[in-house]
Amino acid sequence: MRKTCLEQVYQLALQDDRIFFIGSDLGEGTLTAFKDNLPRRFFMEGVSEALVVGMASGLALEGKIVYVNTIGTFITRRCFEQIVLDVCLHNLPVRLIGNGGGLVYAPLGPTHLATDDIGILRTIPNMTIVAPADADEMKRLMLLTVDYPGPLYIRLAKGYDPIVTRDDVPFAIGTAMLMREGTDALLVTTGITLKLAMEAASTLSDKGVDATVLHMPTVKPLDTEAILRHAASAGAIVTIEEHSRISGLGSAVAEVIAEARLPELKCFKRIGIPDTFADRYGSQASLLDYYGITAGSIVATVETALHHEPRASVAFL
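Residues numbered from 1 in each chain as written. Predicted model: local features only at pLDDT ≥ 70, side-chain atom pairs only at ≥ 80, totals over all residues. Heavy atoms only, no water.

**What to know about the nonpolar core**
Alright, step 1. Counting 61 residues, the largest nonpolar core has Phe-21, Phe-34, Tyr-67 and Leu-187 as the members making the most contacts within it.
Alright, step 2. If sequence neighbours within four positions are ignored, Leu-187 has contacts with Ala-197, Ala-201, Ala-211, Thr-212, Val-213, Leu-214, Val-238, Ile-240, Ile-298 and Val-302.
Alright, step 3. The next biggest cluster of nonpolar side chains, apart from the first, holds 24 residues, and it includes Phe-20, Ala-60, Ile-124 and Met-127. (Core = buried A, V, L, I, M, F, W, Y, C linked by side-chain atoms within 4.5 Å. Buried < 20%, exposed > 50% of the residue type's maximum accessible area, 1.4 Å probe, protein only. Contact = heavy atoms within 4.5 Å.)

Laid out in structure tokens, this is it:
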């Protein structure tokens, strides 16, 4: 996914001389072709992310479209004020590309785990947040980023993730993607958790439970109309994300459901990372399993929710 994203930046730059790239202490060889062929529009800066964001904002004020790439925790936590005041306050066409969304950098511990990046940026006006599920979806997204108005945060997964999206499902920034339609439960996903939801929906079908899978590559702005349309007929609503359960996709969907005054009782559950710093090292897969972000956990959660008797319009299990 990262390779596809950066290669697309280069290909877009070949066609549009407004496009600049700024990397922050990225590995040797990153976008070598861009550096060699378009050297006046390629910059590799040191470990000074706040400066890089300010630099990108200055270029954007001069009519450039700037793609900035570094590790997700650094591009969100370390330069939050610059993103707010330099980029979003002026609604500039700066595209922040965050490597390692979620638990990708599990071997490096909590300093590198981007478990709050979506939540941090959701609070900023004018910011759009996109988390593709695979490299194919990333390619469809990148074609739309050039002339998209205002700032974008593009969340990158580990790379070489299984392809689960399809060309026949139309892609647009800000639009949910219906991957599977059912009547009993609604599974809402973003990023790589789409694969887990599809696996869970297949297992649930074998058990006689028909689940809708609604993929949200755009977390902000959220496609509230699609969520409410499919929530209306679902007995249970479950969100799945590789992010803290606080402030990410689950929180965004919960806000929509809580304010909607749905006519029928619903059970709602968020599957994600608990409100804690990672207390172990390992692989991305091992931490996903540790935190219960698995297809099996989704199946168990849906089954429990469907057999729960809620006491209010929305029961948060």
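**Observations regarding the pattern of salt bridges**
Alright, step 1. Applying the stated criterion to the full structure yields 11 salt bridges.
Alright, step 2. In this structure, the salt-bridge partner of Arg-18 is Asp-147, at a minimum N-O distance of 2.9 Å. Taken together, the positions of Arg-18 in the loop between helix H1 (2–15) and strand E1 (19–24) and Asp-147 in the loop between helix H7 (135–145) and strand E6 (152–155) put the pair 129 residues apart, joining distant regions of the chain.
Alright, step 3. Of the residues examined, Arg-18 reaches a relative accessible area of 29% and is grouped as partly exposed.
Alright, step 4. Two residues, Glu-49 and Arg-78, come together in a salt bridge whose shortest N-O distance is 3.0 Å. Of this pair, Glu-49 sits in helix H3 (residues 49–61) while Arg-78 sits in the loop between helix H4 (72–76) and helix H5 (80–88); the two residues are 29 residues apart in sequence, bridging distant segments of the chain.
Alright, step 5. It is possible to trace a salt-bridge network through shared partners that takes in Asp-16, Arg-18 and Asp-147. (Salt bridge = Lys/Arg side-chain N within 4 Å of Asp/Glu carboxyl O. Helix = DSSP H or I, 4+ residues; strand = E, 2+ residues; numbered from the N terminus.)

**Considerations on the packing of aromatic side chains**
Alright, step 1. Counted by the stated rule, this structure contains 6 aromatic pairs.
Alright, step 2. Between Phe-34 and Phe-42, the aromatic rings sit 5.8 Å apart at their centres with planes inclined by 45°, giving tilted as the arrangement.
Alright, step 3. Overall, Phe-34 belongs to the buried group, its relative accessible area being 0%.
Alright, step 4. What links up through ring pairs into an aromatic cluster is the set Tyr-10, Phe-21, Phe-34 and Phe-42.
Alright, step 5. Its guanidinium or amino end placed over the ring of Phe-74, Arg-78 lies 4.5 Å from that ring's centre, counting from NZ or CZ. (Phe/Tyr/Trp six-rings, centres within 6.5 Å; stacked < 30°, edge-to-face > 60°. Lys NZ or Arg CZ within 6 Å of the ring centre and 35° of its normal.)

**Some thoughts on H3**
Alright, step 1. Relative to the 18 Å expected for 13 residues at 1.5 Å per residue, H3 spans 18 Å between its end C-alpha atoms, a close match to the ideal helical length.
Alright, step 2. Turning to H3, its buried residues are Glu-49, Val-52, Val-53, Ala-56, Ser-57, Leu-59 and Ala-60. An end-on view of H3 places all buried positions within 160° of arc, on one side of the element. Relative to its buried face, H3 has exposed residues pointing more than 90 degrees away, namely Leu-51 and Leu-61.
Alright, step 3. Packed against the buried residues of H3 are E1, strand E2 (42–45), strand E3 (65–71), H4, H5 and strand E4 (94–99). (Expected span 1.5 Å × (residues − 1). Arc of directions from axis to C-beta.)

**So, the pairing of strand E9 (residues 211–215)**
Alright, step 1. Buried residues dominate E9, accounting for 5 of its 5 residues.
Alright, step 2. Of the two faces of E9, the one holding Ala-211, Val-213 and His-215 and the one holding Thr-212 and Leu-214 are both buried throughout.
Alright, step 3. In this structure, strand E7 (residues 177–180) lies alongside E9, joined through 3 bridges in antiparallel fashion. Paired with Met-177 across the strands is His-215, a residue of E9.
Alright, step 4. As defined by bridge partners, strand E8 (residues 185–189) adjoins E9 across 5 bridges and the pair is classed as parallel. Bridge assignment links Leu-186 to a residue of E9, and that residue is Thr-212.
Alright, step 5. Following the backbone out of E8, through helix H8 (residues 193–206) and into the adjacent parallel E9, one traces a crossover that is right-handed. (Pairing = 2+ DSSP bridges. Right-handed = clockwise from strand over helix to strand, strands pointing away.)

**Here's the deal with empty space enclosed by the protein**
Alright, step 1. All chains considered together, the criterion is met by 1 cavity of 30 Å³ or more.
Alright, step 2. Within this model, the largest cavity holds a volume of roughly 80 Å³.
Alright, step 3. Lining of the largest cavity is provided by Met-1, Gly-101, Ala-131, Pro-132, Arg-155, Leu-156, Ala-157, Thr-190, Gly-191, Ile-192 and Glu-242. (1 Å grid on protein atoms, 1.4 Å probe; cavity = no way out; pocket = protein on both sides within 12 Å on 5 of 7 lines; lining within 4 Å. Points joined across faces, edges and corners; volume = space filled by probe spheres on them.)

**What about the sheet that holds E2?**
Alright, step 1. In space, the 7 strands of this open sheet follow the order E2-E1-E3-E4-E6-E5-E10, with mixed pairing throughout. At either end of the open sheet lies a strand with only one pairing partner, and these are E2 and strand E10 (218–220). Taking each pair of neighbouring strands and ignoring which way they run, the sheet shows an average axis angle of 20°.
Alright, step 2. Where E3 and E4 come together, 6 bridges link them in parallel fashion. Counted as the bridge partner of Thr-70 is Gly-98 from E4.
Alright, step 3. Across the sheet, H7 is in contact with E3, E4, strand E5 (128–130) and E6; its angle to E6 comes to roughly 165°. (Axes fitted to C-alpha atoms, helices over the stretch in contact; angles between N-to-C directions.)

**As for the packing of H3 against H5**
Alright, step 1. Following both chains from N to C, one finds H3 and H5 inclined at 5°, their axes separated by 9 Å at the closest point. When the interaxial angle is binned, H3 and H5 end up roughly parallel. Contacts from Ala-50, Val-53, Gly-54 and Ser-57 of H3 reach H5 at Gln-82, Ile-83, Asp-86 and Val-87.
Alright, step 2. Per-class residue counts for the contact of H3 with H5 are 4 nonpolar, 3 polar and 1 charged. (Parallel < 35°, antiparallel > 145°, perpendicular 65-115°, else oblique. Nonpolar A, V, L, I, M, F, W, Y, C, P; charged D, E, K, R; others polar.)

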